[in-house]
Amino acid sequence: MTDWTMARVQDRLELAADVFAQMPAVKPQGYFNAWPEYFHSFADQVGQEPQMRRPLPSPRMITDAEEAMLWLRWLEKDDARIVWLRANRKPWKPICWQFGLSRTAATKRWQYGIALITWRLNGRVPSSKRSKRFVIENADRLSRKIVL
């Protein structure tokens, strides 16, 4: 088992958000295009810039992203939404407006969410009697020395 840190958890959630953003759009059943596919001749392509397409995520990346999404179930509903919005790189101001929180309160809830996921991935569950500050400060140095 590898040791999880808050930075690794945050990177994995951002990677999951990127994977879900790269997935093809969901279309209604029976959606199709009646236009024929147009093939450009060599003369048409002269002087044109090539259209670069991102490769679709690999099955391994999709599996890792789905696993990371399941981590959010360990959090309260609002904390999970804040963590997911930050994984999608949404700015703090709209997040604060959406939840009616100050910037510092939203940041603390995000840090607590990441820290709680880190604790759970390392096989520990912090006591409900512990403060959020304790959970955040000790998330990266989980060891047997911490007295719960």
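Located above this text is the structure these notes cover.
Residues numbered from 1 in each chain as written. Predicted model: local features only at pLDDT ≥ 70, side-chain atom pairs only at ≥ 80, totals over all residues. Heavy atoms only, no water.

Participant: Before we go on, may I ask you to explain the nonpolar core in this structure?
Facilitator: A general tendency of soluble globular proteins is for nonpolar side chains to be buried together. Judged by nonpolar contacts, the single largest core of 35 residues is most densely connected at Val9, Leu13, Trp71, Leu72 and Ile117. At the level of elements, helix H1 (6–22), helix H3 (59–71), helix H4 (77–87), helix H5 (92–99), helix H6 (103–121) and helix H7 (132–137) are the ones that each hand at least two residues to this core. If you tally residues by element for this core, the top one is H6, at 9 residues. Beyond its immediate sequence surroundings of up to four residues, Trp71 is in contact with Trp4, Val9, Arg12, Leu13, Ile117 and Leu121. (Core = buried A, V, L, I, M, F, W, Y, C linked by side-chain atoms within 4.5 Å. Buried < 20%, exposed > 50% of the residue type's maximum accessible area, 1.4 Å probe, protein only. Helix = DSSP H or I, 4+ residues; strand = E, 2+ residues; numbered from the N terminus. Contact = heavy atoms within 4.5 Å.)

Participant: Would you mind going over the pattern of salt bridges with me for this structure?
Facilitator: Oppositely charged side chains can pair when the atoms bearing their charge come close. Under the criterion given, the structure shown has 8 salt bridges. One salt bridge in this structure joins Asp64 and Arg12, with 3.5 Å as the shortest N-O distance. Highlighted residues: Asp64 in helix H3 and Arg12 in helix H1, separated in sequence by 52 residues. Exposure remark for Asp64: the relative accessible area of 18% places this residue in the buried category. Residues Glu14 and Arg89 are paired through a salt bridge, measuring 3.7 Å at the closest nitrogen-oxygen approach. Of this pair, Glu14 sits in helix H1 while Arg89 sits in the loop between H4 and H5, placing them 75 residues apart in sequence. Through salt bridges with shared partners, one network takes in Arg12, Arg60, Asp64 and Glu67. (Salt bridge = Lys/Arg side-chain N within 4 Å of Asp/Glu carboxyl O.)

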